[in-house]
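The residues making up each chain are set out below.
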Amino acid sequence: MPKIENTTGMPINLIIDELKSDDIRKRIHSVKNLDLIASTIGPERTKNELIPFIQELLDDDDEVLIELVESLSKNFIELVGGQAQVLLPTFEALCKVEDASVREKAANQLKKCFTLLPDQKKIEELSMGIIKRLNDSDYYLAKNAVVILVPAIINQVSQNNQNDLINIILKISQDQIPQVRKFSSMYFQDLVKHFPIVNETLIQNTLNSFIKDEQDFIRMYIVDALIASSKTAFFQKQQTFVLNMFKQLAEDQSWRVRYYFCDKLADIGDSVGKDSYRKNFQNYHLKFLQDSEPEMKSIAALKIEKVSSFMDSEEIMNKLIPLLKSIQQDQNPFVRNSLASSVLSLSPIIGKKNSSEQILPIFLTLLKDQDSEVRITLFKKLSLITSVLGVDSLSQSVIPALTELAQDKNWRIRASTIEVLSFFARAIGPEFLSDKVLKLLIDWLGDKVYAVRQTAIQQTALLIQILGIPWADRNLLTKIWGFQSIQNYLQRLTVLFTITQIASSLNNDYILKTILPLLQQMSKDSVANIRSNVCKTSILLAKEKGGNVVEPLKKVLQSLCDDQDAEVKYQAKSALESL
Amino acid sequence: MSDLDQWITKLKNCQFLNEQEVISLCTKAKEILISESNVEIVHTPVTVCGDIHGQFHDLIELFKVGGDCPDTNYLFLGDLVDRGFNSVETFLLLLAFKVRFPDRITIIRGNHESRQTTQVYGFYDECQRKYGSANIWRHCTDVFDYLTISAVIENRVFCVHGGLSPNIVEIDDVKSLDRKQEVPHEGAMCDLLWSDPEDIIGWGVSPRGAGYIFGGDITKEFNKTNNYDFICRAHQLVLEGYKTMFDDQLLTVWSAPNYCYRVGNQASILELDDNLEKRFKIFLAANVEQRGLIGRHPVPDYFL
């Protein structure tokens, strides 16, 4: 039994009272704490008083109902002493509200309660009652819950009841109202799993009626039902039926249906098997890459990564890759972006020689794309091609692209580019960090946008961890220390932020020799913000490094204890106190 | 100190404080603001920011571009509340910064920092929604009365929210005002918060119904009399984020990108470095992901 602690700052009685408050905000707050109330008053009173009271809340605002179903979903079954039955009427009522998310949650909670009822007979009796009442309700949206509940219990009830349930589903699937038919289409995949209780004829007839439906969002969900059916014996018996229906969906007039089909290609391939995929569906994917709708080209390009595992190397080379050449120049940036995110996954499959001849050119074209989002997406998948072609061979061709991105107008692009550069530097080592590349890094450390400078500092620290201080000092740090004489204080701060970030890589000798004079110099800076940060950096170094740097750093702090600026004084004094 | 640091952390996550905490913060703020002059002295280096109007996530974006407080010094030219969805969090965060780091941030009063305006343009309603009563609004508007109404940077740049007043010739005229009151309907204090520059000669009637419009001659005269390089103000939406007028004698800074989540404008901040060199930094509105606004309510079924 969970005992919940009252952290609201209000007494329980007040929370209970506010369930009836006129102020919706207060009602919501109380409803959010229903589990607290239940835990405090105990299971008996929760069963006998709280639950009946909640019935009265049921025609409240949608906002309250959303919180209510959320609250009841938490651990209410435990809070009523394990007697799930008690909650059924409340959840049944919540299946009839306007808000779809509340209906669905409530229906799923009913499913959960069913599994916790004491015996089969009870389950059958109560669930059939609820389903029939919801189905017969005047409120047509209540059928939403019916299609969720029927698959949950159909395999646990008598033959007669099964027939009743099947008839209910049949009627819903032919309902006049499109929304209602949509419910049955969406959840038909759950029913199909119960083949052969749900027999062949039923499945075929229902799917046939769905596919002739004039609403595309009803036809769409057939894809899921077919995928589900392939995991049952139905598939063995009716393979042709299933495959033909898949094909109809792939050729559907509505791009929404084709899109949904394409989106599920990986699952389809998994369910029918590699050979069947290649025989029946591979060509559709290739067709989608040439579809007139940019959405279709985009989803097809996105799926390359997943479906490439079904294709063999020859087919990728001869059929897929030629199509990519036109996609890389597509007018629509979303299409090119999708390509950028998945094309590199082909490299490991087709091997080094083919990658070099076929993928590398596409890579280099996308690298120069006019849309910086495309370039960044490409970079995020870099390791897929570097693992095949080797980091070294790519590094040279990548540098011009990096240089351009480093100056992009969008600061987020500039920040992402730093991470890419860091990736190469860490993989290749100091040879990658030529003068040209180092200059990029220094420029980023002096970027006009604070967030870019911060990213540069962090990545520099990472690099230094790997490449070591002696290298860093020769090639990088001396230049950074030089920032201390820049006129703009925001740039001077970079010196102190850098020291803080690389502290773990520094040894005490270096600190005494190089860092300390810097700190001493900057402690006399005319701008108080610099002096504040000298305090912060000094105390950090003193604590992290200890030993012979502590005393000199203490002296720096002491010199700032009488600073004219109140914040600097405070920082210096509290730093010394903490030592 | 640690209370303040906790509040700052909470507010940075766009979580508003509870009623007790707000009252405590407002009390502390008044103690600090009461001793500020009508013409607050500000030193370089400092970054000047225009209207924010409750666009909290764009304020966070501003800090990403300009640097965090207190490492960067800031001067906000008012209009922190109204119109945006998060006036409460915006105002309280900047107020908390002011109390914790009084020498690192200065806040000037804008025409929206007033009881009348906030009842019409959103701050009052937001307080009601978030706190269930008008208490917090009352405490905040009391703090507004204490905010200073102008600042001067290194005796060379005059900063005010709106513009000039026919009743203000010398800077001492500002010092002699009594600012600790609701923004009046007319008079010098009202003008400073409501006026706009315009390509005219002399003074004119303002279409806003408060303050005046004033021309380049007035501006240059004021700057000459008081020995200022230029006037820095906000108050008017600028699509490019900033605008200079009258041979750089007046500057408008606007820091609310995509104003009202609709206009699609850029925003800017003005960085003045140690030697009063000017640098404008332009920035755009924060992305949807940064705003953390995923609709909780699914589209009603009949839209299918």
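Residue indices begin from 1 for each chain and proceed along its sequence in written order. Throughout, the order in which chains and ligands are written sets their labels, letters from A for the former and numbers from 1 for the latter. Given that this is a predicted model, residues contribute local features only at a pLDDT of at least 70 and side-chain atom pairs are listed and counted only at 80 or more, while totals for whole chains, interfaces and linings are drawn from all residues. Excluded from the side-chain calculations are hydrogens and water; all other atoms, namely the structure's heavy atoms, are used.

S.K.: Could you clarify how one ought to interpret the overall build of chain A in this entry?
M.R.: The helix count covers DSSP runs of H or I at least four residues long, the strand count covers runs of E at least two residues long, and both are numbered beginning at the N terminus. Tallying secondary structure elements over chain A gives 36 helices and zero strands in all. We compute the radius of gyration over the C-alpha atoms and compare it with the globule rule, which gives 2.2 Å times the number of residues raised to the power 0.38. In terms of overall dimensions, chain A is more spread out than a globule: its C-alpha atoms have a radius of gyration of 33 Å, far above the 25 Å expected for 579 residues. Each of the three principal axes of chain A carries a C-alpha extent, and together these read 90 × 75 × 35 Å. Three exposure classes are used, based on accessible area relative to the maximum for each residue type with a 1.4 Å probe and protein chains only: buried under 20%, partly exposed in between, and exposed over 50%. For chain A, buried positions account for 58% of its 579 residues. We call two residues in contact when some of their heavy atoms are within 4.5 Å. Counted over contacts in chain A with a minimum sequence separation of 6, partners at least 24 positions apart contribute 68%. When the accessible surface of chain A is totalled, it reaches about 25100 Å², and 47% of it is carbon and sulfur. Charged side chains of chain A number 68 positive and 70 negative; the gap between the two group centres comes to 5 Å. Using a 1.4 Å probe, accessible areas were evaluated by the Shrake-Rupley method; residue-level cover was limited to the displayed protein chains. Neither His nor the chain ends contribute to the count of charged residues, in which Lys and Arg are positive and Asp and Glu negative. Here the site of a charge means atom NZ of a Lys, CZ of an Arg, CG of an Asp or CD of a Glu.

S.K.: Is there a simple way to think about the pairing of strand β14 (residues 278–283) of chain B in this case?
M.R.: Each regular strand shows side chains that alternate between the opposite faces of the sheet. Residue and element names in this part refer to chain B. Summarising the sheet, strand β13 (residues 267–272) and β14 pair through six bridges and their orientation is antiparallel. Each bridged residue has a counterpart across the sheet, and for L272 the counterpart in β14 is K278. Remark: five residues form the turn of the hairpin made by β13 and β14, two consecutive strands paired antiparallel; L276 in that turn has positive phi of roughly 65°. Pairing between two strands is assigned when DSSP locates at least 2 bridges connecting them.

S.K.: Before we go on, may I ask you to explain the environment of Q116 of chain B in this structure?
M.R.: Residue and element names in this part refer to chain B. Of note, Q116 is situated in helix α5 (residues 115–121). Taking the C-alpha atoms as reference points, Q116 and E182, 66 residues apart in sequence, are found 8.5 Å from one another. If near-sequence neighbours (up to four positions away) are discounted, Q116 is found in contact with E182 and H185.

S.K.: Whenever I open this one, the sheet that holds strand β2 (residues 46–49) of chain B confuses me. Can you help?
M.R.: Strand pairing within a sheet occurs via backbone hydrogen bonds; the two strands may be parallel or antiparallel. Residue and element names in this part refer to chain B. Sheet architecture is open: five strands sit in the order β4-β3-β2-β13-β14, paired in mixed fashion. Of all the strands in the sheet, just β4 (105–107) and β14 have a single pairing partner and so form its edges. The average angle at which neighbouring strand axes cross in this sheet is 20°, direction not considered. Where β2 and strand β3 (residues 74–76) come together, three bridges link them in parallel fashion. From the neighbouring strand, T47 faces β3, where its bridge partner is Y74. Fitting a line to C-alpha atoms yields each axis, with helices limited to the stretch in contact; the angle taken between N-to-C directions then spans 0 to 180 degrees.

S.K.: How should a negative patch on the surface be read in this particular structure?
M.R.: Like charges within 9 Å and nonpolar side chains (Val, Leu, Ile, Met, Phe, Trp, Tyr) within 5 Å are joined into patches, using only residues over 30% in relative accessible area that form no salt bridge. The salt bridge definition used is simple: a Lys or Arg side-chain nitrogen within 4 Å of an Asp or Glu carboxyl oxygen. On the surface, a cluster of negative charge is contributed by D61, D62, E63 and E98 of chain A. E63 of chain A sits in the partly exposed class, given a relative accessible area of 37%.

S.K.: It is not clear to me how the packing of helix α31 (residues 469–481) of chain A against helix α32 (residues 489–502) of chain A should be interpreted in this structure. Could you clarify?
M.R.: Packed helices, taken two at a time, are described by the angle their axes make and the gap between the axes. All names here are of chain A. As a packed pair, α31 and α32 sit with axes 9 Å apart at the nearest point and diverge in direction by 140°. Put simply, α31 runs oblique to α32. In this structure, α31 contributes L477, I480 and W481 to the contact, and α32 contributes V495, T498, I499 and I502. Put simply, Ala, Val, Leu, Ile, Met, Phe, Trp, Tyr, Cys and Pro go in the nonpolar bin, Asp, Glu, Lys and Arg in the charged bin, and everything else, Gly too, in the polar bin. Among the residues forming the contact of α31 with α32, the class breakdown is six nonpolar, one polar and no charged. The scheme is simple: roughly parallel for angles under 35 degrees, roughly antiparallel for over 145, roughly perpendicular for 65 to 115, oblique for anything else.

S.K.: It is not clear to me how the packing of aromatic side chains should be interpreted in this structure. Could you clarify?
M.R.: Geometrically, a pair of aromatic rings is defined through the distance of the ring centres and the angle of the planes. All names here are of chain A. Only Phe, Tyr and Trp rings take part, Trp by its six-membered ring, and two of them pair if their centres are within 6.5 Å. Stacked means planes under 30 degrees apart, edge-to-face means over 60, and tilted covers everything else. Tallying each qualifying case throughout the model produces 30 aromatic pairs over all chains. When the centroid spacing of 5.7 Å and the interplanar angle of 75° are considered together, the rings of F195 and F234 count as edge-to-face. With a gap of 39 residues between them, F195 in the loop between α10 (178–192) and α11 (200–211) and F234 in helix α14 (residues 233–237) connect regions that are remote in the sequence. For the pair Y277 and F310, a centre-to-centre distance of 4.9 Å together with 45° between the ring planes defines the contact as tilted. You can see Y277 sitting in helix α18 (residues 274–280) and its partner F310 sitting in the loop between α21 (304–307) and α22 (313–327), a full 33 residues away along the chain.

S.K.: Sorry if this is basic, but what is going on with the sheet that holds strand β7 (residues 196–197) of chain B here?
M.R.: Residue and element names in this part refer to chain B. Across the sheet, three strands lie side by side as β7-β9-β8; this open sheet has mixed pairing. The strands lining the two open edges of the sheet, one partner per strand, are β7 and β8 (203–205). Bridge count between β7 and strand β9 (residues 212–214): two bridges; the pairing is parallel. Paired with P197 across the strands is F214, a residue of β9.

S.K.: In this structure, what is going on with the UniProt feature "repeat: HEAT" (unreviewed entry) in chain A? I would like to understand it.
M.R.: All names here are of chain A. UniProt positions are given in the numbering used here, feature names are shortened, and annotations may be inferred rather than shown by experiment. The UniProt feature table records "repeat: HEAT" (unreviewed entry) at residues 242–280, 320–358, 359–397, 398–436 and 553–579. For the annotated span residues 359–397, helix accounts for 85% and strand for 0% of the residues, and the straight-line distance between the end C-alpha atoms is 14 Å. Annotated as 74% helix and 0% strand, the span residues 553–579 places its first and last C-alpha atoms 11 Å apart.

S.K.: For this particular structure, what's the right way to read unusual backbone geometry?
M.R.: With the exception of glycine, most residues fall at negative phi, and the peptide bonds are largely trans. With omega at 5°, the peptide bond leading from F195 of chain A into P196 of chain A counts as cis. Position of P196 of chain A relative to the elements: it lies in the loop between α10 and α11. Cis geometry is found at the peptide bond from T44 of chain B to P45 of chain B, where omega equals -5°. Relative to the helices and strands, P45 of chain B resides in the loop between β1 (39–42) and β2.

S.K.: In this structure, what is going on with the confidence of the model for chain B? I would like to understand it.
M.R.: Keep in mind that low pLDDT regions are not for reading the predicted coordinates in detail. All names here are of chain B. Note on scores: pLDDT gives the predictor's confidence for each residue, bounded by 0 and 100. In this model, chain B carries a mean pLDDT of 93, and residues with pLDDT of at least 70 account for 95%. Between residues 294–298, whose pLDDT stays under 50, and residues either more than four places distant or in other chains, the model counts seven contacts. Low confidence marks residues 300–304, where pLDDT is under 50. Its contacts with residues over four positions away, or in another chain, come to 10 contacts. For this predicted complex, the interface score ipTM comes out at 0.91, while the overall pTM is 0.78.

S.K.: Help me understand the interface of chain A and chain B, please; the structure alone is not making it clear to me.
M.R.: The interface is formed by 39 residues belonging to chain A together with 36 residues belonging to chain B. Summed over the three residues of chain A that lose the most area to chain B, namely R412, Y450 and Q487 of chain A, the buried surface amounts to 19% of that side. The interface formed by chain A and chain B includes five salt bridges. Residue D565 of chain A pairs with R104 of chain B through a salt bridge whose shortest N-O separation is 3.0 Å. Those elements that place two or more of their residues in the side of chain A that touches chain B are α4 (62–79), α6 (100–115), α10, α28 (411–428), α30 (450–467), α32, α34 (528–545) and α36 (566–578) of chain A. Defined here as a combined quantity, buried area equals the accessible surface (1.4 Å probe) lost by two parts on assembly, summed across both.

S.K.: So what exactly am I meant to see when it comes to the side chain of N38 of chain B here?
M.R.: Residues and elements named next belong to chain B. Within the secondary structure, N38 sits in the loop between α2 (19–33) and β1. Note on N38: relative accessible area 7%, which makes it buried. Within 3.5 Å is the distance limit for a polar contact, defined as a pair of N or O atoms, with the added protein rule that one can donate a hydrogen and the other accept it, and that residues adjacent in sequence qualify only through two side-chain atoms. A polar side-chain atom of N38 sits 3.0 Å from the main-chain carbonyl oxygen of V174. Engagement of the side chain of N38 in a polar contact is seen with the side chain of R179, the distance being 2.9 Å.

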